[in-house]
Amino acid sequence: ARLTAAVAVLRLPKLLRLCRLLQIMGDIFRFLEDLHMNLAPLRLVEFLSGVILIAHWACCGFYALARLKNSHVNCDGLDTGGDVITWGTAFAECRWENTWVQKQIMNGKLPVDGGEPWQLYIRSFNW
């Protein structure tokens, strides 16, 4: 848990680079205005980038809520020496119990083992 928190803190400087991107966009807009160019296409790209960024944050939030709702610590005793598929399914049922991921598994939109992280990201993005 401490390692995960440390890695998360180390990623914060990457988020701060977003502020520098906004400054660069302002410089580009001023340069193009000086050239009397049409800024509508660039404004559209800027708007769509913002929408995609907000959708990404919402997706990460949905995933984090499902991940934090149930701690997989309670699921550690499920390894009974059976086959891997049965254990993976039982672990996924325990880990995602009472979350939107469980509903996606029950509806057949995710594999019974919960799927790969990219599958969960796509489902949370669409959810």
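Residues numbered from 1 in each chain as written. Predicted model: local features only at pLDDT ≥ 70, side-chain atom pairs only at ≥ 80, totals over all residues. Heavy atoms only, no water.

## Re the environment of Leu22
Considering the arrangement of structural elements, one finds Leu22 in helix α2 (residues 12-34). Taking the C-alpha atoms as reference points, Leu22 and Glu46, separated by 24 residues in sequence, lie 9.8 Å from one another. (Helix = DSSP H or I, 4+ residues; strand = E, 2+ residues; numbered from the N terminus.)

## Some remarks on the packing of aromatic side chains
Across all of its chains, the model carries 0 aromatic pairs by this definition. A cation over a ring is seen here: Arg43 above Phe29, with NZ or CZ 3.9 Å from the ring centre. (Phe/Tyr/Trp six-rings, centres within 6.5 Å; stacked < 30°, edge-to-face > 60°. Lys NZ or Arg CZ within 6 Å of the ring centre and 35° of its normal.)

## Focus: the confidence of the model for the chain
Mean pLDDT over the chain stands at 77; residues scoring 70 or higher make up 76%. When pLDDT is averaged over each element of the chain, helix α3 (residues 40-69) comes out on top at 86 and helix α4 (residues 84-95) at the bottom at 65. (pLDDT = per-residue confidence, 0-100.)

## What to know about a positive patch on the surface
A contiguous patch of positive charge, built from Arg11, Lys14, Arg17 and Arg20, is present on the exposed surface. On the secondary structure map, Lys14 appears in helix α2. A relative accessible area of 55% places Lys14 in the exposed class. (Patch = residues over 30% accessible without salt bridge, like charges linked within 9 Å, V, L, I, M, F, W, Y side chains within 5 Å. Areas by Shrake-Rupley, 256 points an atom, 1.4 Å probe, with all protein chains shown as cover. Salt bridge = Lys/Arg side-chain N within 4 Å of Asp/Glu carboxyl O. Lys, Arg positive; Asp, Glu negative; His and termini not counted. Charge placed at Lys NZ, Arg CZ, Asp CG, Glu CD. Buried < 20%, exposed > 50% of the residue type's maximum accessible area, 1.4 Å probe, protein only.)

## Comments concerning the state of the cysteines
Here, disulfide denotes a covalent bond that connects the sulfur atoms of two cysteines. Per the stated rule, a full pass over the model turns up 0 disulfides. Free cysteine: Cys59, not disulfide-bonded; nearest cysteine sulfur from Cys60 at 5.3 Å. Its relative accessible area of 1% is what places Cys59 among the buried residues. The exposure class assigned to Cys60 is partly exposed, which follows from its relative accessible area of 34%. (Disulfide = S-S within 2.5 Å.)

## Some details on a nonpolar patch on the surface
A surface patch of nonpolar side chains, amounting to about 380 Å² of accessible area, comprises Leu44, Phe47, Leu48 and Val51. Structurally, Val51 is set in helix α3.

## Some points on the pattern of salt bridges
Close approach of charged atoms allows side chains of opposite charge to pair. Scanning all chains against the criterion turns up 2 salt bridges. Taking the shortest distance from any N to any O, the salt bridge between Asp27 and Arg30 comes out at 2.4 Å. Note that Asp27 and Arg30 are positioned in helix α2 at a spacing of 3 residues, about one turn of the helix. The salt bridge partner of Glu46 is Arg43, with a shortest N-O separation of 3.5 Å. Of the two residues, Glu46 and Arg43 both sit in helix α3, 3 residues apart, roughly one turn of that helix. The exposure class of Glu46 is partly exposed, given its relative accessible area of 32%. Residue classification places Arg43 among the partly exposed positions, given a relative accessible area of 40%.

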